[in-house]
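Here's the letter readout for the chains.
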Amino acid sequence: MSCHLIVLYYSRHGATQALARQIARGIESVPHCEAIMRTVEEISSQERTGSDPAITLEELKHCDGLAMGSPVWFGNMAAPLKHFWDQSTSLWISGDLIDKPACVFTSSSSLHGGQETTLQSMKLPLFHHGMLVMGIPYSEPQLHTTQSGGTPYGASHVGHDSGLTKEEVELAQQLGKRLAHTALKLIKE
């Protein structure tokens, strides 16, 4: 049995992509789990950010779980990511994502840049699709001590560059592991 988890992100300057890579490492540290890295198309052109392929609705339909990330854009998810979800009505009507596990992650240039509202905004379409949305529990010791990114709502990064702190890396990987373990349990049922 293998478990295919999509790590979907939008990243303009590389920080959200760096978090996505750490979540993927966490996923792939769990036996029988594969992380599939995907991004979304820009709205104004057909160019992509990052080096990963753009996701398709068909890929999303067949995944076993999802980690989704966006930089903070005025306290909200980036427009290209929101635009992708606005095109997912067919999956919503058919219920293809119901009961699949999901988590979210973000990055901002400042500590109070809107990380928690952005994480919450990304959860809204996931709830509407019936996904099982999870965060990071306080059993993770880094959540108590981090001076940079990391929230109970999801993994995060704070800073103007894509250099993640030790705590940000550990929390992102733990979130990926939690997603993978949950997806495996749901597949076995």
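Residues numbered from 1 in each chain as written. Predicted model: local features only at pLDDT ≥ 70, side-chain atom pairs only at ≥ 80, totals over all residues. Heavy atoms only, no water.

Looking at an unreviewed UniProt entry, one finds the protein named NAD(P)H dehydrogenase (Quinone), with Vibrio scophthalmi as its source organism. A UniProt comment under Sequence similarities (unreviewed entry) is attached to the protein, and it reads "Belongs to the WrbA family." (UniProt positions renumbered as here; feature names shortened; annotations may be inferred.)

A tally of helices and strands in the protein yields seven helices and six strands. Counting from the amino terminus, the protein carries its helices and strands in the arrangement β-α-β-α-β-α-α-β-α-β-α-β-α. Computed over the C-alpha atoms, the radius of gyration of the protein is 15 Å, within 12% of the 16 Å expected from 2.2 N^0.38 for a compact globule of 189 residues. Expressed as lengths along the three principal axes of its C-alpha atoms, the size of the protein is roughly 40 × 40 × 25 Å. Counting the 189 residues in the protein, one finds 53% classified as buried. (Helix = DSSP H or I, 4+ residues; strand = E, 2+ residues; numbered from the N terminus. Rg over C-alpha atoms; globule rule 2.2 N^0.38 Å. Buried < 20%, exposed > 50% of the residue type's maximum accessible area, 1.4 Å probe, protein only.)

This part takes up the state of the cysteines. Considering all chains together, one arrives at zero disulfides under this definition. Summary of cysteine pairing: Cys-3 is not part of a disulfide, and the nearest cysteine sulfur, belonging to Cys-33, is at 4.2 Å. For Cys-3, a relative accessible area of 0% translates into the label buried. Cys-63 takes part in no disulfide bond, and the closest cysteine sulfur, belonging to Cys-3, lies 9.0 Å away. Residue Cys-63 is classed as buried on the basis of its relative accessible area of 4%. (Disulfide = S-S within 2.5 Å.)

This brings us to the layout of surface pockets. One number sums up the size of the largest pocket: a volume of about 290 Å³. Considering the residues around the largest pocket, the lining is formed by 18 residues, among which His-13, Pro-71, Ser-107, Ser-108 and Ser-109 are closest to the centre. Contributions of two or more residues to the lining of the largest pocket are made by α1 (15–28) and β4 (101–108). Residue composition of the lining of the largest pocket, grouped by class: four nonpolar, twelve polar and two charged. The volume enclosed by the second largest pocket comes to roughly 220 Å³. Lining the second largest pocket are 16 residues, and of these Leu-111, Gln-115, Glu-116, Ser-148 and Thr-151 sit closest to its centre. Those elements that provide at least two residues to the lining of the second largest pocket are α5 (115–128) and β6 (155–158). Here the element with the most residues in the lining of the second largest pocket is α5; it accounts for three residues. Classifying every residue of the lining of the second largest pocket gives three nonpolar, twelve polar and one charged. (1 Å grid on protein atoms, 1.4 Å probe; cavity = no way out; pocket = protein on both sides within 12 Å on 5 of 7 lines; lining within 4 Å. Points joined across faces, edges and corners; volume = space filled by probe spheres on them. Nonpolar A, V, L, I, M, F, W, Y, C, P; charged D, E, K, R; others polar.)

In this section: the environment of Met-68. Locating Met-68 in the fold gives a position in strand β3 (residues 65–71). Distance from Met-68 to Ser-110, taken between C-alpha atoms, is 20 Å for residues 42 residues apart in sequence. Look past the residues within four positions of Met-68 in its chain and what remains in contact with it is Leu-8, Leu-81, Trp-85, Cys-103, Val-104, Phe-105, Met-122 and Leu-126. (Contact = heavy atoms within 4.5 Å.)

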